[in-house]
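Residue strings, one per chain:
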Amino acid sequence: MAGADGAHRTVEVFALTVPPGSGLEAIAAAERERQHEAHVAFDVVAPDPLVLRGLCASFARYGAVPDGGGYNPHENGTVFYFGTPTEAKAEYRRVELYVPGDHRDILAAHLDEHRARQPAETLLRQLTGAWTTQALATFARLRVPDALTGGRATRVEELAREVGARPANLATLLRYLVMLGAVTESRDGFRLTELGTLLRTDAPGSMRALALMYGGPFYRSFGELGHTVRTGEVAFEHLHGENHFDHFARDPHLAELFDQSMAAGSAMFDPVPAHPVLTAAAESAAGATVVDVAGGNGELLGRVLAAHPRLNGVLLERPHVVAAARRRFEEAGFDTRCAFLTGDFADVPTGGDVYVLSRVLHDWDDERCREILRHCARAMPERADLLVVERVLPDDGSVSLATAWDLHMMCNVGGRERRADHYARLFADAGLTLVGRSPLPLDGHVLHVRKAGTGAAPAATQSSGLPGCP
């Protein structure tokens, strides 16, 4: 049809029949009350993420507020709703942006702003967070992502036969996972998304082990979080009668799952091999050795050796972990460049050029951290460097994964996350100096540390910048 200005207009009509007694009566009444039955919509013909964000910001600039939206997999289109300000001259109380394609990343921020204006809905969604954890863990435990192969859509009956589940119940789980963005649904069945692919066993950077750990042992101990808050006793120890290191070490399956879950967060490590300290060590004419203290299955050390063929490594770990790391390095062809030592923190070897403590200190209280750092300081030659990889609590209280992990460490491990100045004090107590810090993915940081009095610049004035990081 033609508008008043002669330009072409499209009118889209939805007919929703609401019989008496229907559960839709409340929805229909709310639509009428808020004058949402008729609204103006804009079709974004050639969407670009930058343009789309700009449109949302422009709407907000003139008083429009986020009012919901969603992604329609059947049409492959994303809808952004805005409520118009009461003082607006337009007769419509709602504005819609319809954008072809999947733009759920931008939609998520839009919906978060909408929910912030709906505190009851926000709280309800937060209270159901446990459902999300178990849905993803069950998805991984049943190996449904492994059954969704080749990028093709698979009918739920076929999936149910393959994973040993009831079709109707599996369909309910999968539709919830559609909402989480792990799968998409079409007339032909369900298809794995990029997010869901991370739960496949064979996916590069697979996070399946992490899902099983957070939906299994750590999920159960989080049920005792109140005990930790009341008494200070670690919930995991209260539940199992021992700390998680000893508990996992006694069960080969759990020990392997824990080591795999530690490697699952390896995206944090991506920029570490390019750290200036490691680059300089690799360029040393005399060669250099990197000592990874409590380095798990060698995920980080393996990346460093792969990036720098002239470097050698030493991995210090518990016996069963060293055995797994040795197999891993043999498969990668790095075993001839790495020595494997079994022992505790007191056994940190001397003579290394670069020492690494990755996600170790957050496991322990301050006194144990000082002890670990003193062992490292005693082993380090005068000009050696120490790289500490941790999530660092923000100074300004901004949103960070470190804050979530602080709660996790308190409940399950008995450790904690710390601010940079807290780490600096621990280093100083061990005769070390914080030289600088650089950001890593997943809200991680690498802290560059040297022995006190070796001429290192103060942490406030020097920063070890990593390529690709702000």
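Residues numbered from 1 in each chain as written. Predicted model: local features only at pLDDT ≥ 70, side-chain atom pairs only at ≥ 80, totals over all residues. Heavy atoms only, no water.

S.K.: So what exactly am I meant to see when it comes to the overall build of the protein chain here?
M.R.: The helix and strand tally for the protein chain stands at 21 helices and 13 strands. In the protein chain, which comprises 470 residues, the proportion classed as buried is 44%. Contacts in the protein chain between residues far apart in sequence, at least 24 positions, make up 63% of those at least 6 positions apart. Carbon and sulfur atoms make up 55% of the accessible area of the protein chain, which amounts to about 24,200 Å² in all. (Helix = DSSP H or I, 4+ residues; strand = E, 2+ residues; numbered from the N terminus. Buried < 20%, exposed > 50% of the residue type's maximum accessible area, 1.4 Å probe, protein only. Contact = heavy atoms within 4.5 Å. Areas by Shrake-Rupley, 256 points an atom, 1.4 Å probe, with all protein chains shown as cover.)

S.K.: Explain the sheet that holds strand β12 (residues 432–440) to me, please; I cannot follow it from the model alone.
M.R.: In a beta sheet, neighbouring strands are held together by backbone hydrogen bonds and run either parallel or antiparallel to one another. The strand order across the open sheet built from seven strands is β9-β8-β7-β10-β11-β13-β12, with neighbouring strands paired in mixed fashion. At either margin of the open sheet sits one strand with a lone partner, and together these are β9 (338–342) and β12. Averaged over all adjacent pairs, the angle separating strand axes in this sheet is 20°, with direction ignored. Seen against the sheet, helix α18 (residues 319–332) touches β8 (311–317) and β9 and runs at an angle of roughly 165° to β9. Contacts between helix α19 (residues 366–379) and the sheet are confined to β10 (354–358), β11 (385–391), β12 and β13 (444–451), with β10 contributing the most and set at about 165° to the helix. (Pairing = 2+ DSSP bridges. Axes fitted to C-alpha atoms, helices over the stretch in contact; angles between N-to-C directions.)

S.K.: Even after reading the chapter, I still don't get the side chain of His-448, so can you show me in this structure?
M.R.: Within the secondary structure layout, His-448 lies in strand β13. At 2.7 Å, the side chain of His-448 and the side chain of Asp-385 are in polar contact. (Polar contact = N/O pair within 3.5 Å; in protein donor to acceptor, adjacent residues only side chain to side chain.)

S.K.: What is the right way to look at the side chain of Glu-390 in this model?
M.R.: By secondary structure assignment, the location of Glu-390 is in strand β11. Arg-418 provides the closest opposite charge to the buried, unpaired Glu-390, separated from it by 6.4 Å. Dropping the residues within four chain positions of it, Glu-390 is found in contact with Arg-359, Val-360, Leu-361, His-362, Glu-417, Tyr-423, Gly-444 and His-445. (Lys, Arg positive; Asp, Glu negative; His and termini not counted. Salt bridge = Lys/Arg side-chain N within 4 Å of Asp/Glu carboxyl O.)

S.K.: Help me out: how do you make sense of the packing of α19 against helix α21 (residues 420–429) in this one?
M.R.: In a packed pair of helices, the relevant descriptors are the angle between the two axes and the axis-to-axis distance. It is the contact of α19 with α21, at a shortest axis distance of 8 Å, that shows an interaxial angle of 50°. Judged by the inter-axis angle, α19 sits oblique to α21. Relative to α21, α19 is oriented so that their crossing is right-handed. Taken together, the residues of α21 that come into contact with α19 (itself represented by Asp-366, Cys-369, Arg-370, Leu-373 and Arg-374) are His-422, Leu-426, Phe-427 and Asp-429. Grouping the amino acids of the contact of α19 with α21 by side-chain chemistry returns four nonpolar, one polar and four charged. (Parallel < 35°, antiparallel > 145°, perpendicular 65-115°, else oblique. Left-handed = near helix turned anticlockwise from the far one by under 90°. Nonpolar A, V, L, I, M, F, W, Y, C, P; charged D, E, K, R; others polar.)

S.K.: Quick question: what am I supposed to make of the packing of aromatic side chains here?
M.R.: Any pair of aromatic rings gets described here by the distance separating the centres and the angle formed by the planes. Following the criterion strictly, the structure yields twelve aromatic pairs and no others. A centroid spacing of 5.6 Å and a plane angle of 10° characterise the contact between Phe-245 and Trp-364, whose relative ring orientation is stacked. Of this pair, Phe-245 sits in helix α14 (residues 244–249) while Trp-364 sits in the loop between β10 and α19, placing them 119 residues apart in sequence. Considering the side-chain rings of Phe-248 and Phe-258, the 5.3 Å spacing of their centres and the 35° angle between planes classify their relative orientation as tilted. (Phe/Tyr/Trp six-rings, centres within 6.5 Å; stacked < 30°, edge-to-face > 60°.)

S.K.: Is there a simple way to explain unusual backbone geometry in this structure?
M.R.: Among all residues except glycine, the phi angle is most often negative; among peptide bonds, the trans geometry is most common. The backbone phi angle of Arg-143 is positive, close to 60°, even though this residue is not glycine. As for its placement among the helices and strands, Arg-143 is situated in the loop between α5 (129–141) and α6 (144–147). On the accessibility criterion, Arg-143 (39% relative accessible area) is partly exposed.

S.K.: It is not clear to me how α18 should be interpreted in this structure. Could you clarify?
M.R.: Since the α-helix turns once every 3.6 residues, residues separated by three or four places project in the same direction. In a regular helix each residue adds 1.5 Å, so 14 residues correspond to 20 Å; α18 covers 20 Å between its end C-alpha atoms and thus fits that length. Among all positions in α18, only Val-321, Val-322, Ala-325 and Phe-329 are buried. What you see down the axis of α18 is that its buried residues fit within an arc of 95°, all on one side. Exposed side of α18, more than 90 degrees from the buried face: Pro-319 and Glu-331 are the residues found there. Buried positions along α18 lie against α15 (252–264), α17 (299–307), β8 and β9. Downstream of α18 by a residue or two, Gly-333 has a phi angle that is positive, lying close to 80°. (Expected span 1.5 Å × (residues − 1). Arc of directions from axis to C-beta.)

S.K.: Which parts of the structure should I look at to understand the sheet that holds strand β1 (residues 40–43)?
M.R.: With mixed pairing, the four strands of this open sheet are ordered in space as β1-β4-β3-β2. The open sheet has two free edges, formed respectively by β1 and β2 (65–72), since each of these has just one partner strand. Each neighbouring strand pair of the sheet contributes to a mean axis angle of 20°, computed without reference to strand direction. As defined by bridge partners, β2 adjoins strand β3 (residues 77–83) across six bridges and the pair is classed as antiparallel. Bridge pairing in β3 places Gly-69 opposite Phe-80. On top of the sheet, helix α2 (residues 49–61) reaches β1, β3 and β4 (94–100); it is set at about 175° to β4, its chief contact.

S.K.: Is there a simple way to explain the pattern of salt bridges in this structure?
M.R.: Pairing is possible between side chains of opposite charge, provided their charged atoms come close. On inspection of all chains with the given rule, the structure shows 22 salt bridges. Between Arg-303 and Asp-270 there is a salt bridge, and its shortest N-O distance comes to 2.5 Å. Here Arg-303 is found in helix α17, whereas its partner Asp-270 is found in the loop between α15 and α16 (276–282), with 33 residues between them in sequence. Overall, Arg-303 belongs to the partly exposed group, its relative accessible area being 24%.

S.K.: Teacher, can you tell me more about the packing of α5 against helix α8 (residues 167–180) here?
M.R.: Packing of α5 against α8 brings their axes to within 10 Å, and their N-to-C directions diverge by 115°. Classed by the angle they form, the pair α5 and α8 counts as roughly perpendicular. Taken as a pair, α5 and α8 cross one another with a handedness that is left-handed. Judged by residue contacts, Trp-131, Thr-132, Ala-135, Leu-136, Thr-138 and Phe-139 of α5 engage Leu-173, Leu-174, Tyr-176, Leu-177 and Leu-180 from α8. Broken down by class, the residue content of the contact of α5 with α8 amounts to nine nonpolar, two polar and no charged.

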